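Analysis of the macromolecular model
Chain by chain, the residues:
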Amino acid sequence: MTNSFADFDKAKMFFIIGSNMTEAHPVAATFVKNAVNNGAKMILVDPRRTALAEFATMHLPLKVGSDIALLNGLMHVLIKEDLYDKEYVKSCTVGFEELKAAVENYPPERAEEISGIPAETIVEVARLMAANKPAMLMYTLGITEHTCGVNNVMSCANFQMLLGNVGFECGGVNPLRGQNNVQGACDMGALPNVYPGYQKVTDPDAKAKFEKAWGVELDDKLGMMMPAMFDGLGDGKVKGMYIFGENVANTEPDITHVEHCMEHAEFIVCNDIFHTETTRFADVVLPATAWSEDDGTFTNSERRVNRVRKAVEAPGDAKPNWWIFKEIAKRMGQEWESNSGQEIWDNEVSMLAPSMTGIKFSRIEGDGLQWPVPDLDHLGTPFLHKDGCFTCGLGNFKPAEWTPPAEVPDEEYPLVLSTGRRLYHYHTRTQTGRSGGLNELLGEETADISLADAKKLGIANGERVRLSSRRGSIELTAKVTPEVQEGMVWMAFHFREACANWLTNGVYDPVSQTAEYKACAVKLEKL
């Protein structure tokens, strides 16, 4: 996030797109609801009428995968009606003429044709956004989990820069991260292209710094991403896989393909706190401590590094993750000096990552610190790019053309399936599935369908149905709801037997390699 959760309560305007905050980020959603109750306006852009729509000034139920067309249509109006922030654009950004040329092709009437949002509504929203500044834009996986996910994100940034909303309290572009500590994992370099602190592996100076610190020779080439790793297992280019805290047998798209690939691996290690569907494929399972069984840090969406403290002893043979990695390194001839989460952070992370130089365990005993924290006297950074002064110099408009999902409805598969999460379970229920109370609240998955489709197909609420895509079929219970628009099916991936990922399409954004979980073609049959 460019900004902070503390801004939510104070904000006067929200533009929320592709985010079911009420269920996926319920605490953050509470802050937004509080602000709305205190007078803030909210534009909610979501194909479904989620609970947050009850708080929205306007709800825009766009068609799945049409975000760029809608955003380009809004920017078209801002430029045509001279409503954009001309001074901000002139002094803080580059690439405006290219953006102007691109959105020229998206008059509200064309944006309506693609997105399903009426042209007059697009004009009204553009005028409302221009009249209420600054505004916070928030998004979640509804923006990123598309084959055009990176362009979706770019379009969100274009929109906010055109309005002059980046670099101010209660403004900015604010992705609510999809998993606990995914921000921290990325910050620590758990990506194929960067070292800790987002220092590029292709940068000779960064490479030399980490070679000296770690005492090894490092590769300057980009690493593989997950889709290539799984395909590599299937065709023998990759021999083994180390799976750390992830139940990939349920979370990746097209489960049949993923399990086929893992069956062909020569060696799989799983490092986890419980047995999962994925550990069935493991040659070795290394039992790890859970979050409450060791000291360390988590970093949340607003870049805040927080302390995690040991509350109970780990059971059985479970060991801290850092200890497991250190012991494996020792067998490979490496002696790593640090012996705790604090030593790793204080002696390595803050010494090697300039954006975290000022973060030490002794400084995050309370509420933590938001990076960048360049020195030990710095108090952290609540929002980035202050007053439009971008870290990289000027904000760079990156215009994007709308592209449809990789698979769209047709005669054989006439509905679009979109997936997400429900309030009472987290991911594949590795942890929440062991809670009797949560299973009582939500004990099975449903196929959420519109009233119109239910009537057309002769399906009543609570009846059993078969949902099929080109990858497979599942049987589950139908939930007929006004939340879902006609032509759409919505479900989650929490339950193994009725997991959406038996159906989802294994296609990816060409840059981020994020899977298109939000759109594939399906058919629905009454059993």
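Read on for an overview of the structure. Quantities reported herein were computed from a predicted structural model and do not represent experimental measurements. (Residues numbered from 1 in each chain as written. Predicted model: local features only at pLDDT ≥ 70, side-chain atom pairs only at ≥ 80, totals over all residues. Heavy atoms only, no water.)

1. Structural notes on the sheet that holds strand β3 (residues 58–60)
Rule in force here: Strand pairing is defined by DSSP finding a minimum of two bridges between the two strands. For helices the rule is a DSSP run of H or I covering at least 4 residues; for strands it is a run of E covering at least 2, with both sets numbered from the N terminus onward. The angle between two axes is taken between their N-to-C directions and runs from 0 to 180 degrees, where each axis is a line fitted to C-alpha atoms and a helix contributes only its stretch in contact. The contact criterion used is simple: two residues touch if any of their non-hydrogen atoms lie within 4.5 Å.
The sheet built from five strands is open, its strands ordered β3-β2-β1-β5-β6 with parallel pairing. The two strands at the open ends of the sheet, each matched to only one other strand, are β3 and β6 (173–175). Neighbour to neighbour, the strand axes of the sheet diverge by 15° on average, direction disregarded. Here strand β1 (residues 13–17) runs beside strand β5 (residues 136–139); their pairing, made up of four bridges, is parallel. Counterpart to Ile16 in the pairing with β5 is Met138. Along the sheet, helix α3 (residues 26–37) makes contact with β1, β2 (41–45) and β5, crossing β1 at roughly 140°. Running over the sheet, helix α10 (residues 149–162) touches β1, β5 and β6 and is turned about 170° from β5.

2. Let's talk about the sheet that holds strand β11 (residues 284–287)
Strand order in the open sheet made by the three strands is β9-β10-β11, with parallel pairing throughout. Single-partner strands in this sheet number two, and they are β9 (240–244) and β11. Averaged over all pairs of adjacent strands, the angle between strand axes in this sheet comes to 10°, irrespective of strand direction. Bridging between strand β10 (residues 267–272) and β11 involves four bridges; their strand directions are parallel. Counted as the bridge partner of Val269 is Val284 from β11.

3. Re the packing of aromatic side chains
Rules: In this analysis, rings of Phe, Tyr and Trp, with Trp reduced to its six-membered ring, are considered paired at centre separations within 6.5 Å, and the interplanar angle assigns stacked below 30 degrees, edge-to-face beyond 60, and tilted for intermediate values. Classification of residues uses two cut-offs on accessible area relative to the type maximum, computed with a 1.4 Å probe and protein chains only: under 20% is buried, over 50% is exposed, and between them is partly exposed. Charges are assigned to positions over rings by a cutoff of 6 Å between ring centre and Lys NZ or Arg CZ, combined with an angular limit of 35 degrees from the ring normal.
Enumeration over the complete set of coordinates arrives at twelve aromatic pairs. Measuring from centroid to centroid gives 4.5 Å for Tyr195 and Phe210, while their planes differ by 25°, and the two rings are stacked. Remark: Phe210 occurs in helix α12 (residues 204–214) and Tyr195 occurs in strand β7 (residues 194–195); sequence separation between them is 15 residues. Here Tyr195 falls in the buried class, since its relative accessible area comes to 7%. The buried category is assigned to Phe210, whose relative accessible area is 0%. Over the ring of Trp490 we find Arg48, and its NZ or CZ is 3.7 Å from the ring centre. Positioned over the ring face of Tyr84 is Lys86, at 5.3 Å from the centre of the ring.

4. Details of helix α8 (residues 119–131)
So the rule is basically this: In this scheme, a helix's expected span is set at 1.5 Å multiplied by one less than its residue total.
Relative to the 18 Å expected for 13 residues at 1.5 Å per residue, α8 spans 19 Å between its end C-alpha atoms, a close match to the ideal helical length. Looking at the buried side of α8, the elements it contacts are β1, β2, β3, α4 (67–80), α7 (108–115) and α10.

5. Description of the pattern of salt bridges
Condition: The working definition used for a salt bridge is a side-chain nitrogen of Lys or Arg within 4 Å of a carboxyl oxygen of Asp or Glu.
Scanning all chains against the criterion turns up 30 salt bridges. Between Asp82 and Lys86 there is a salt bridge, with its nearest N and O atoms 3.5 Å apart. Between Arg466 and Glu525 there is a salt bridge, and its shortest N-O distance comes to 4.0 Å. Taken together, the positions of Arg466 in strand β18 (residues 464–468) and Glu525 in strand β23 (residues 520–526) put the pair 59 residues apart, joining distant regions of the chain. With relative accessibility at 32%, the residue Glu525 sits in the partly exposed group. When salt bridges with common partners are traced through the structure, they connect Glu407, Asp410, Arg470 and Arg471 into a single cluster.

6. Concerning the environment of Thr202
Here Thr202 is to be found in the loop between β8 (199–200) and α12. Assessed through its relative accessible area of 46%, Thr202 is described here as partly exposed. On a C-alpha basis, the gap between Thr202 and Lys221 in space is 6.3 Å, while along the polypeptide they are 19 residues apart. Sequence-distant contacts of Thr202, defined by excluding residues within four places in its chain, comprise Asp220 and Leu222.

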